Amino acid sequence: MATLPTIDHELLRTFVAIVDQGGFTRAAQTVNRTQSAVSMQIKRLEEDVIQRPLFVRQSKPLQLTSEGHTLLGYARKILSLQGEALTLLRQPDMVGRVRLGVPDDYVMRFLPGILKTFSQTWPLVDVDVHCAPSSVLSQQPQGSLDLIIMTREIGDEIGTILRRESTVWVSAESHSAHLQTPVPLALFEAPCFCRRHACNALDRAGRAYRVAYSSPSLATLQAVVGAGLAVSAWMRSLVTADMQILGEKEGFPALPEASIVLQRTPSTQSPIIDSLAEHIVEGFRLQ
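Rules and cut-offs
Residues numbered from 1 in each chain as written. Predicted model: local features only at pLDDT ≥ 70, side-chain atom pairs only at ≥ 80, totals over all residues. Heavy atoms only, no water. Helix = DSSP H or I, 4+ residues; strand = E, 2+ residues; numbered from the N terminus. Rg over C-alpha atoms; globule rule 2.2 N^0.38 Å. Buried < 20%, exposed > 50% of the residue type's maximum accessible area, 1.4 Å probe, protein only. Contact = heavy atoms within 4.5 Å. Lys, Arg positive; Asp, Glu negative; His and termini not counted. Charge placed at Lys NZ, Arg CZ, Asp CG, Glu CD. Core = buried A, V, L, I, M, F, W, Y, C linked by side-chain atoms within 4.5 Å. Arc of directions from axis to C-beta. Polar contact = N/O pair within 3.5 Å; in protein donor to acceptor, adjacent residues only side chain to side chain. Salt bridge = Lys/Arg side-chain N within 4 Å of Asp/Glu carboxyl O.

A word on the overall build of the protein. Broken down by element type, the protein carries nine helices and nine strands. Computed over the C-alpha atoms, the radius of gyration of the protein is 25 Å, more than 25% above the 19 Å expected from 2.2 N^0.38 for a compact globule of 287 residues. Taking the principal axes of its C-alpha atoms as reference, the protein extends roughly 85 × 50 × 30 Å. By residue count, 41% of the 287 residues in the protein fall in the buried class. Across the protein, contacts joining residues at least 24 apart in sequence account for 75% of those joining residues at least 6 apart. Both charge centroids of the protein, one from 27 positive and one from 28 negative side chains, sit 4 Å from each other.

This brings us to the nonpolar core. The biggest cluster of nonpolar side chains holds 38 residues, and the ones touching the most others in it are Y106, L147, I149, W234, I260, I280 and F284. Of the residues forming this core, the biggest block, six residues, is contributed by helix α9 (residues 271-286). Setting aside chain neighbours within four positions, we find I260 in contact with Y106, F110, I149, M150, T160, I161, L162, R163, E165, M235 and F284. F15, A27, A28 and A75 belong to the second largest nonpolar core, which has 21 residues in total.

Before going further, it helps to examine helix α8 (residues 218-226). Of the residues making up α8, those classed as buried are L218, L221, V224 and V225. For α8, the angular spread of buried residues about the axis comes to 125 degrees, placing them on one side. Against α5 (104-121), β4 (160-172), β5 (183-188), β6 (209-215), β7 (232-235) and β8 (243-246) lie the buried residues of α8. A distance of 3.3 Å separates the backbone nitrogen of A219 from a side-chain oxygen at the start of α8, and that oxygen is part of S217. At the C-terminal side of α8, G228 shows a positive phi close to 80 degrees.

Let us now look at the pattern of salt bridges. In the structure shown here, the tally under the stated rule is eight salt bridges. For R76, the salt bridge goes to D20, with nearest N and O atoms at 2.7 Å. Of this pair, R76 sits in helix α4 (residues 66-90) while D20 sits in helix α1 (residues 9-21), placing them 56 residues apart in sequence. One salt bridge connects E153 with R196, and the closest N-O pair in it is separated by 2.3 Å. Residue E153 is found in strand β3 (residues 147-153), and its partner R196 is found in helix α7 (residues 193-205); the two are separated by 43 residues along the sequence. Using a relative accessible area of 26% as the deciding quantity, one classes E153 as partly exposed. Overall, the relative accessible area of 38% leaves R196 in the partly exposed class. One network of salt bridges, with partners in common, ties together R97, D126 and D128.

Okay, structure coming up:
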């Protein structure tokens, strides 16, 4: 019986990089090889190992053959298992669970990239994500969470400051809720500094308003604002492309800045928590 050839994991890593990066040039940068070396690796994989073409030649954008699609699934599993085995054997302290508290404001905006890189680095670490408003997270029992991302007012920061941002008024790009009197507002539930500052600012400016919608969920407020039903106030990084920022010329006074901070629980310490904290700090720096 003929012996089947083995598949070098570096060939698989290059193959997956080409698919993920959408081409040989960007994949070469990812795997730290020249483009010609990457091409030779794929030629070897196709001709000597699989003995089938993996890519549809001359296709733009890059397309996989049916054999390529089949290999891709197995390649991801093989590389994942290899990473898990090395982690378990070489760094057994990086196996376990970490508990992260974060407002849903930041889940879609910041967490995907952070958790992706963390998972790639430590595939055997499970992350429990607990979503709640900053006012709720700040009152969590001691030790119930390992790390907390929350919004704090300037001067009231506790922990590592991830970034400082202005709070802005927002409305739907193609609607005119901001022209109504009284202006309808969609705000986070109290207690919330955005809500408090928004109402106080309008009171000082003598602008009539009503809190037409109230929710702890950013997704809910975005849906209401996106439908043209109300104006809201939240941090600038959360403004989507279909919304406009309102200013003094539209009758909306300036709002104060706020800080996004990372708070650690002193009673829970581990290399896993340290690593996720580092990924969070770096993730906010890059976004």
